[in-house]
Amino acid sequence: MSTTTSPTFHNYIDGHWKPSVSGGTFENRNPANRDDLIGLFPDSTTSEAELAIEAARRASAAWRLMPAPKRAELLFRAAHLLLERKESFARDMTREMGKVLDETRGDVQEAIDMTYYIAGEGRRLYGQTVPSELPDKYAMSVRQPLGVCAIITPWNFPMAIPSWKIIPALVCGNTVVFKPSELTPLSGLNFVRVLEEAGIPPGVVNMVTGGPAVGELLTTHQDVSAVSFTGSTAVGRLVNQNAAPYFKKVHLEMGGKNCIMVLDDANLELALEGCLWGGFGTTGQRCTAASRVIVHQKVHDQFVERFVTRARALRVGDGAKPETQVGPLASEKQLDKVMAYVKIGLEEGATLACGGQRLTEGAFAKGNFHEPTVFTKVTPAMRIAREEIFGPVVSVLKCSSLDEAIAIGNDVPYGLSASLYTQDVNRAFRAMREMSTGLFYVNAPTIGAEVHLPFGGTKATGNGHREAGTAALEVFSEWKSIYVDFSGKLQRAQIDNQ
């Protein structure tokens, strides 16, 4: 596992690619083959983060004054570059985090879609013009940028999620310091290179790789006005606590324990396809993954038999190979977590219907592979039915009615996504009203959000903000109300109009 011939990558600060001041680096390895060293990335210290924040602060003065349509023109150019390099970026992504090529192509496509969509908002950063209660007076509101925004992103969507945050921040006139996951720094770097080549001025976008110390500084530095974080609920809570004393605007997108409800009138073949994709797509490593399937007792046994058969048949392997349907876990740590939860499920008394084992022989020997796993006879109180596993593990629960399915679905700490399979429109509307989630699907799995609608959840999933769609603009701008009195005399609102 020699590193002598491996490429070394740098941070991007104030328009320059710079090595770590300390000289420290960390390895980025292929989770399908740990012998494949992708490269070395800066294990940055807080001093690099300080430099990046200072560069962003200086660049803010000019960037915020550039007309929003002009900022948008640069983002349209970035979208074109992403489109041109989609295949190359997808292959880099599969190599560094493992998911199959079709999915990494989708990840890059989502970044393309988001960049095009939000760039269009450069001519639509709408405010309000309202009638004043006083004569000869205009009343209006405008969006204004926040300043320096810290962007901290996870490894499971290493280009899509940065686009959800960085592009709205830029179009609103903010500058950015971006910390990608240590597991996927190459995809973050590819995204930043595109922005650089598109003509984003020096200092407007900065990228610093490294560990928790960098993230902590980004959440506590006095010159950072806003923090947008996607990751675990535990880390999100720390981000919120770090930022609170400084009254920063904080956007958190965190965990999920999502459910698909399959009623007795469901199209079972359609539901099976949805549960397989929702549960095992991205090897279950999605915040929207369908890790719970709640099935009506009338079709439960039939559904379970077919679901287990189909899960056993899924082809696990290197995501770069066209035949692969389920790639590796992104890291050894994530694999260990999945294996620990399989043990917990067995200890709780659930039935292991299929899977449950790490794959170690032959082509699997050097990767983080785990069998697609299904537990049955799961009760709502079990940890495997309540806690986010973030791996290829699905728990099947039984219900006797729609009301019971909804009650089970809502009885978790999270509220990101839910789905219902039924052919009864009345049941569908009841469920979409009653489920306490930010996303809801009918006759589709819990994954598949599109860039032009708000994305986010309730309860321990988030803190009330949304990304994607025009809702993202609310995260990265603030309102200013403006009053222009051209009467030539003192007028007093709420007094002179009595």
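Residues numbered from 1 in each chain as written. Predicted model: local features only at pLDDT ≥ 70, side-chain atom pairs only at ≥ 80, totals over all residues. Heavy atoms only, no water.

(A) Seen up close, the sheet that holds strand S6 (residues 137–145). The strand order across the open sheet formed by three strands is S5-S6-S23, and the pairing between neighbours is antiparallel. Looking at which strands have only one partner, the edges of the open sheet turn out to be strand S5 (128–131) and strand S23 (477–485). Between one strand axis and the next, the sheet turns through 20° on average, direction left out of account. In this structure, S6 lies alongside S23, joined through nine bridges in antiparallel fashion. Bridge pairing in S23 links Arg-143 to Trp-479. (Pairing = 2+ DSSP bridges. Helix = DSSP H or I, 4+ residues; strand = E, 2+ residues; numbered from the N terminus. Axes fitted to C-alpha atoms, helices over the stretch in contact; angles between N-to-C directions.)

(B) Layout of the sheet that holds strand S20 (residues 417–421). Taken together, the seven strands give an open sheet; going across it, the order is S14-S17-S18-S13-S12-S20-S21, and neighbouring strands pair in mixed fashion. Two strands in the sheet have a free side with no partner beyond their single neighbour: strand S14 (351–354) and strand S21 (439–442). Along the sheet, successive strands turn relative to each other by an average axial angle of 20°, direction set aside. In this structure, strand S12 (residues 259–262) lies alongside strand S13 (residues 292–296), joined through four bridges in parallel fashion. Note on S13: the bridge partner recorded for Ile-260 is Val-293. In the packing of helix H11 (residues 332–348) onto the sheet, the strands contacted are S14, strand S17 (373–376) and strand S18 (393–399), and the crossing angle to S17 comes to about 20°. Taken strand by strand, helix H12 (residues 402–410) contacts S12, S13, S18 and S20, and its axis lies near 140° from that of S18. (Contact = heavy atoms within 4.5 Å.)

(C) Inspection of the pattern of salt bridges at higher detail. For the coordinates displayed, the defined rule picks out 28 salt bridges. Three or more residues are tied together by salt bridges with common partners; here these are Asp-14, Glu-54, Arg-57 and Arg-58. (Salt bridge = Lys/Arg side-chain N within 4 Å of Asp/Glu carboxyl O.)

(D) Highlighting the environment of Gly-317. Tracing the chain through its elements places Gly-317 in the loop between helix H10 (300–313) and H11. In this structure Gly-317 comes out as buried when scored by relative accessible area, which is 8%. In sequence terms Gly-317 and Arg-386 are 69 residues apart; their C-alpha atoms lie 28 Å from each other. If near-sequence neighbours (up to four positions away) are discounted, Gly-317 is found in contact with Thr-324, Val-326, Gly-327, Pro-328, Phe-364 and Phe-369. (Buried < 20%, exposed > 50% of the residue type's maximum accessible area, 1.4 Å probe, protein only.)

(E) Structural view of the packing of aromatic side chains. Scanning all chains against the criterion turns up ten aromatic pairs. When the centroid spacing of 6.1 Å and the interplanar angle of 25° are considered together, the rings of Phe-26 and Phe-41 count as stacked. Taken together, the residues Phe-26 in strand S3 (residues 25–30) and Phe-41 in strand S4 (residues 33–42) connect sequence positions 15 residues apart. Judged by centre distance (5.4 Å) and plane angle (25°), the ring pair of Phe-303 and Phe-307 falls under stacked. Pair noted here: Phe-303 and Phe-307 are both in helix H10, with a separation of four residues, about one helical turn. Given the relative accessible area of 0%, Phe-307 is considered buried. (Phe/Tyr/Trp six-rings, centres within 6.5 Å; stacked < 30°, edge-to-face > 60°.)

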